[in-house]
Amino acid sequence: MEIFKYLETYDYEQVVFCQDKESGLKAIIAIHDTTLGPALGGTRMWTYESEEAAIEDALRLAKGMTYKNAAAGLNLGGGKTVIIGDPRKDKNEAMFRAFGRYIQGLNGRYITAEDVGTTVADMDLIHEETDYVTGISPSFGSSGNPSPVTAFGVYRGMKAAAKEAFGTDSLEGKKIAIQGVGNVAYSLCEYLHEEGAQLIVTDINKEAVQRAVEAFGATAVDPDDIYGVECDIYAPCALGATINDKTIPQLKARVIAGSANNQLKETRHGDLIHELGIVYAPDYVINSGGVINVADELYGYNYDRAMKKVEGLYDNIAKVIEISKRDGIPTYLAADRLAEERIATMAKSRSQFLSNGHNILSRR
Ligand SMILES: NC(=O)c1ccc[n+]([C@@H]2O[C@H](COP(=O)([O-])OP(=O)(O)OC[C@H]3O[C@@H](n4cnc5c(N)ncnc54)[C@H](O)[C@@H]3O)[C@@H](O)[C@H]2O)c1
Ligand SMILES: CC(C)C[C@H](N)C(=O)O
C-alpha cells in the first residue's frame, strides 16, 4: 500500500501509529476530516491478518465516521482507531492507559468511544488518562453502552424506510429477518416485538439465537439461510459486506435496514438493489444513534435530549429517500450527497478569519 498516495486520494489529514512494548499496544489512529469539528469515532480491537489490513480498516472506518457524523448533523469530523489484538485475550489495563495518553497527545483532535471488541470498561481505563473519550460509565455522568440507543435509531430509520416501501410505517405483522442478534439487534428485537412484528433470526452464536427465540418467539434459521427467507425487511446487524453478488439474488425483502457498518460489499451493489426496487436505508445514516448518543456527552450528557435526536433518524432516512427520488440516484449516493453538501457548506461558512491564541498578534 502506498500510504501517502492513499491519504492524498481520499483526503485524509493524519495517521498516528502508537506502540507500547510493555503492554503490547499496537494501535493506529486515523483522522480523516475535521472540517466540522474534532474527529469522533470508536476504537476497534481485532486480530488482523496483517498490519496492512489493520491500516486499511482504520482508514476506511475513519472516512465512514466523517460521513456518519456529517449526515447525523453533528459538529464533528471523522476518525477511528484500530488496536491490533484479540479482545478476548490481549487486553490489559496498561494497554488502554497507554492508548489514552496517545489520545491526550492529540489535544482534542480525536475523541474515542466503543466499537467492535471494546467495552465501557475499556473506555473507563482510557478516561484515566484523557477526557477525550466518550461512552464511559454512567457513574461519571456519561452515556455508557451506546448499543441500545443505536438500536432505537435503527428502529426509527426502519419505520421510515417501511413507509416508503409499504405506504405505512407500522411494523405490525411485518416479517423481519435479522442477521446477528448481538448487543444492538437484541435491543432492536425488543422494539420490533413490542410493535407486533414477526421476527426471524440467525447468529453464529447459538446462545444468542436461543435468547431471541425465548424472549420474542422468533423463528431461528441457519446463518446461510437468512438471505433467502420469506420476509418484508432484511436487517443486517452482524458484519459488513453482506449485500453482495451472492446474496442479492436470494433476497425477498423489499426493505434493507440494519445496524451493521459497511453493508454494501461494493458501491455497485447499492446500484443493484436500487434497480431491483429495494428500499435501502444507508448503513451510516440508520446506525448513527450510537455516535449521536456519545456525542451528547460533549455537552454534558442528557439521555432525553440524546433520544430526541436519535428519534429524528426517521426524518434523516426520509430525507435520504427524498434526495434519492429527486435526483434519481440510489439511496447510498443520496446519503453521501447529504453529508458532502453539509461539509462543503460549513467549510465555506468557516472560511472567515477568527483570531485564536496562536496567531502572530498574540505573540506581540
Ligand atoms: N454497538 C453500536 O452502538 C453500533 C453502532 C453503529 C454500528 N454498529 C454495528 O452494528 C453491528 C452489530 O454491532 P453489535 O455491537 O451488536 O455487535 P455484537 O458483536 O454484539 O453483535 C454482532 C452479532 O453478530 C453475530 N455474527 C457474527 N458473524 C455472523 C454471521 N456470519 N452470521 C450471523 N451472525 C453473525 C455475532 O455472533 C454477534 O452475536 C456491527 O457491524 C457494528 O459495527 C454498532
Ligand atoms: C462512537 C461510536 C459509538 C461509534 C460506533 N462504533 C459506530 O460505528 O458508529
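Everything below is about the structure shown above.
If you're wondering where the values come from, they're calculated on a predicted model, not measured in any experiment.

Student: Explain the packing of aromatic side chains to me, please; I cannot follow it from the model alone.
Tutor: Both the distance between ring centres and the angle between the ring planes are used here to describe each pair of aromatic rings. A full pass over the atoms with the stated rule returns eight aromatic pairs. When the ring of F152 is compared with that of Y191, the centres are 5.4 Å apart and the planes differ by 40°; the resulting orientation is tilted. Residue F152 is located in helix α5 (residues 147-166), and its partner Y191 is located in helix α6 (residues 183-194); the two are separated by 39 residues in the primary sequence. Taking the relative accessible area as the measure of exposure, Y191 reaches 26% and is therefore partly exposed. Taken together, the ring pairs in this structure connect Y6, Y10 and Y12 into an aromatic cluster. Directly above the ring of F166 sits K174, whose terminal nitrogen or CZ lies 4.8 Å from the centroid. Positioned above the aromatic ring of Y186, the side-chain terminus of R211 is 3.9 Å from the ring centre.

Student: Honestly, the site of ligand 2 in this entry has me stumped. Any pointers?
Tutor: G42, K68, K80, A113, E114, D115, P146, N261, G290, V291 and V294 make up every residue found near ligand 2. Between E114 and ligand 2, the recorded distance is 3.1 Å, taken from a backbone N or O atom to a nitrogen atom. Take N261: an N or O atom from its side chain is 3.2 Å from an oxygen atom of ligand 2. Take the shell around ligand 2: its biggest share by element is three residues, from helix α10 (residues 289-295). Split by residue class, the shell around ligand 2 holds four nonpolar, three polar and four charged.

Student: Looking at this structure, how should I read the sheet that holds strand β7 (residues 175-179)?
Tutor: Ordered by their spatial adjacency, six strands build an open sheet running β9-β8-β7-β10-β11-β12, and the pairing between neighbours is parallel. Each having just a single partner strand, β9 (219-220) and β12 (279-280) make up the two edges of the open sheet. Two strands pair when backbone bridges link them, and strand β8 (residues 198-202) and β9 are joined in this way by two bridges, in the parallel orientation. When the bridges of β9 are listed, I200 appears paired with T219.

The rules behind these values
- Residues numbered from 1 in each chain as written.
- Chains lettered and ligands numbered in written order.
- Predicted model: local features only at pLDDT ≥ 70, side-chain atom pairs only at ≥ 80, totals over all residues.
- Heavy atoms only, no water.
- Phe/Tyr/Trp six-rings, centres within 6.5 Å; stacked < 30°, edge-to-face > 60°.
- Helix = DSSP H or I, 4+ residues; strand = E, 2+ residues; numbered from the N terminus.
- Buried < 20%, exposed > 50% of the residue type's maximum accessible area, 1.4 Å probe, protein only.
- Lys NZ or Arg CZ within 6 Å of the ring centre and 35° of its normal.
- Near = heavy atom within 4 Å.
- Polar contact = N/O pair within 3.5 Å; in protein donor to acceptor, adjacent residues only side chain to side chain.
- Nonpolar A, V, L, I, M, F, W, Y, C, P; charged D, E, K, R; others polar.
- Pairing = 2+ DSSP bridges.

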